[in-house]
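Coordinate analysis (summary)
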Amino acid sequence: MNVLVIGGAGYIGSHAVNKLVKKGYAVSVLDNLITGHREAVDASAKFYLGDIRDKKILNQIIQEDSIEAIFHFAASSLVGESVEQPLKYFNNNVVGMEVLLEAMQENDVKKIIFSSTAAVYGEAEASLITEAEPKQPTSPYGESKLMMENMIKWCDLAYGIKFVSLRYFNVAGALRTGEIGEDHDPETHLIPIVLQAALGQREEITIFGDDYNTPDGTCIRDYVHVEDLIEAHILSLEYLNQHNDSQIFNLGSSTGYSVKEIVDASRKVTGKDIPAIMGERRAGDPAKLVAASEKAREILGWQPAYETIEDIIQTAWNWHKANPAGYVE
Ligand SMILES: NC(=O)c1ccc[n+]([C@@H]2O[C@H](COP(=O)([O-])OP(=O)(O)OC[C@H]3O[C@@H](n4cnc5c(N)ncnc54)[C@H](O)[C@@H]3O)[C@@H](O)[C@H]2O)c1
Ligand SMILES: O=c1ccn([C@@H]2O[C@H](COP(=O)(O)OP(=O)(O)O[C@H]3O[C@H](CO)[C@@H](O)[C@H](O)[C@H]3O)[C@@H](O)[C@H]2O)c(=O)[nH]1
């Protein structure tokens, strides 16, 4: 099957490309390398440098490579930045999705697996968030992803474009074999920042607020390993190949860890001190996001292989130790 991975040079997209290639799919990648790395893309995939908002290149790839399904990872995806620059998010994410849907409709591509996010829920009331929980994003980033989900839903109704929207919780870790990992510049995600401090690349980490309504006052998140996450994408594609209906799934571990607990677990894994100081809250951050992910387990048969946060951090630590400067381009 011919699959186009948009954003396939990014952290999560490159793990998807790696897995798809290993499973025998023919993979094309479109990426503008705004945050991605050419080096992260498996050499067996066909790489196109370009922008999702450029319909000409989308048409070209879809037609030349007889694309049958699309994995859509390309986005701007930083909660804090989106509060300061909302229009960047509506342009890259929402406009990008609109152009992609036009290209899919015009070229009769009927399957899309979409990277959505827990950020669509905002401050959730439930301690374990199900897919039915109210969607009240607290950031333009979450809002843009909710708009994108709804755009695909209406295109399903009108044009029969079938989708699986996957609401990821916090994605972490690296390929167990160590070939690829997470490399953002600047890095804003908690686990890589903590590991940069463990490597001595930062003096300390700043914890963004300890006055949240959580047991230790710091924000709670649900961390899912990137390889488990990608497995759910492959299962979603198989689902679309077998069923003529669309689905939305949460992808998380159903276990929450506070920022302080992540720092402690990282100290254990690395054997390093990792100095932490307390700072102000970061705009747009909900106190707690933890998934109920039974739906993906029941309908897709998804079974995450990574069971502990230490295991997840260990794979990230292996990557950061082996590639202290990230990808060298
Ligand atoms: N990392 C997480 O914890 C997390 C959680 C929930 C959802 N997500 C979603 O998963 C997806 C991937 O996240 P990531 O952490 O790998 O991010 P990333 O920034 O590493 O990857 C995004 C990729 O998309 C490319 N891209 C961005 N805009 C583009 C455009 N206009 N045209 C072509 N390519 C473009 C970038 O160059 C990059 O390679 C995003 O959609 C993000 O919103 C991530
Ligand atoms: O230096 C830091 C960095 C982060 N945090 C905190 O750590 C937690 C996790 O932050 P981060 O790793 O930046 O992830 P999130 O902001 O939770 O967002 C991620 O997870 C979301 C889903 O939950 C996705 O939608 C986003 O794309 C993805 O970046 C948050 O409470 C942050 O305030 C700190 O305290 N200090």
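In the annotation of an unreviewed UniProt entry, the protein chain is listed under the name UDP-glucose 4-epimerase and assigned to Ruoffia tabacinasalis. Under the UniProt heading Cofactor (unreviewed entry), the note attached to the protein chain is "NAD(+)".

1. Section: the overall build of the protein chain
A tally of regular secondary structure across the protein chain gives ten helices and 14 strands. For 329 residues, the compact-globule estimate of 2.2 N^0.38 gives 20 Å, and the protein chain sits close to it at 19 Å. For the protein chain, the C-alpha atoms occupy an extent of roughly 55 × 40 × 40 Å along the three principal directions. In the protein chain, the share of contacts with a sequence separation of at least 24, taken over all contacts with a separation of at least 6, comes to 77%. Across the protein chain, the centroid of the 29 positively charged side chains sits 2 Å from that of the 48 negatively charged ones.

2. With respect to the layout of surface pockets
Considered as a void within the structure, the second largest pocket measures approximately 190 Å³ in volume. Lining of the second largest pocket is provided by 15 residues; of these, Ser253, Pro304, Tyr306, Glu307 and Thr308 occupy positions nearest its centre. Elements with a contribution of two residues or more to the lining of the second largest pocket: strand S10 (223-225) and helix H10 (309-322). With three residues, the top contributor of residues to the lining of the second largest pocket is S10.

3. A few points about the sheet that holds strand S9 (residues 220-221)
Judged by pairing direction, the sheet is mixed, and its three strands sit side by side in the order S12-S9-S14 without closing on themselves. Every interior strand has two partners, whereas the edge strands, strand S12 (257-258) and strand S14 (288-289), have only one. Where S9 lies against S12, two bridges are found, and the strand directions are antiparallel. Bridging from a neighbouring strand, arginine 221 pairs with tyrosine 257 of S12.

4. Topic: the side chain of lysine 19
Structurally, the position occupied by lysine 19 is in helix H1 (residues 11-22). Note on lysine 19: relative accessible area 19%, which makes it buried. When sequence neighbours within four positions are dropped, the list of residues in contact with lysine 19 reads Glu227, Ile230, Glu231 and Ile234.

5. Thoughts on the packing of aromatic side chains
To describe a pair of aromatic rings, one takes the distance between the centres and the angle between the planes. Enumeration over the complete set of coordinates arrives at four aromatic pairs. Residues tyrosine 89 and tyrosine 141 carry aromatic rings whose centres are separated by 6.3 Å and whose planes lie at 80° to one another, so their mutual orientation is edge-to-face. Residue tyrosine 89 is located in helix H4 (residues 86-107), and its partner tyrosine 141 is located in helix H5 (residues 140-159); the two are separated by 52 residues in the primary sequence. For the residue pair tyrosine 89 and tyrosine 141, the accessibility class agrees, reading buried in each case.

6. With respect to the site of ligand 1
As a structural note, the neighbourhood of ligand 1 is formed by 31 residues, with Asp31, Thr35, Asn92, Tyr141 and Lys145 the closest of them. Between ligand 1 and asparagine 32 there is a distance of 3.2 Å, counted from a nitrogen atom to a backbone nitrogen or oxygen. Out of a free accessible area of 830 Å², ligand 1 has 96% covered by protein chains. Here the element with the most residues in the shell around ligand 1 is strand S5 (residues 111-117); it accounts for three residues.

Conventions used here
- Counting of residues starts from 1 at the beginning of each chain's written sequence and follows it residue by residue.
- The naming scheme follows written order: chains are lettered A onward, ligands numbered 1 onward.
- Side-chain atom pairs in this predicted model are given and counted only at pLDDT of 80 or more, local residue features only at pLDDT of at least 70, and totals for whole chains, interfaces and linings cover all residues.
- Note: side-chain values were computed over all heavy atoms of the structure, leaving out hydrogens and water.
- UniProt positions are given in the numbering used here, feature names are shortened, and annotations may be inferred rather than shown by experiment.
- Each helix corresponds to a stretch of at least 4 residues labelled H or I by DSSP, and each strand to a stretch of at least 2 residues labelled E; elements are numbered beginning at the N terminus.
- To get the radius of gyration, use the C-alpha atoms; to get the globule rule, take the number of residues to the power 0.38 and multiply by 2.2 Å.
- Throughout, a residue-residue contact means that at least one pair of heavy atoms, one from each residue, lies within 4.5 Å.
- Counted as positive: Lys and Arg. Counted as negative: Asp and Glu. His and the chain ends are not counted at all.
- A charge is said to be at NZ when it belongs to Lys, at CZ for Arg, at CG for Asp and at CD for Glu.
- Cavities and pockets are defined on a 1 Å grid built over the protein atoms alone: a cavity is a set of grid points where a 1.4 Å probe fits but cannot escape, while a pocket is an open set with protein on both sides within 12 Å along at least five of seven lines, and lining residues are those with an atom within 4 Å of any such point.
- Grid points are joined across faces, edges and corners, and a volume is the space filled by probe spheres set on the points.
- One bridge is not enough; two strands pair if DSSP finds at least two bridges between them.
- Partly exposed describes any residue whose relative accessible area lies between the buried limit of under 20% and the exposed limit of over 50%, with all areas from a 1.4 Å probe on protein chains only and scaled to the type maximum.
- Aromatic pairs are defined between Phe, Tyr and Trp rings, using the six-membered ring for Trp, whenever the two ring centres lie within 6.5 Å; interplanar angles under 30 degrees are classed as stacked, those over 60 as edge-to-face, and all others as tilted.
- Whether a residue is near a molecule or strand is decided by its heavy atoms; if any one of them lies within 4 Å of it, the residue is near.
- Two N or O atoms form a polar contact when they lie within 3.5 Å of each other; inside protein one atom must be a possible hydrogen donor and the other a possible acceptor, and for residues adjacent in sequence the pair counts only when both atoms belong to side chains.
- Accessibility throughout is a Shrake-Rupley quantity obtained with a 1.4 Å probe, and a residue counts as covered only by protein chains that appear here.

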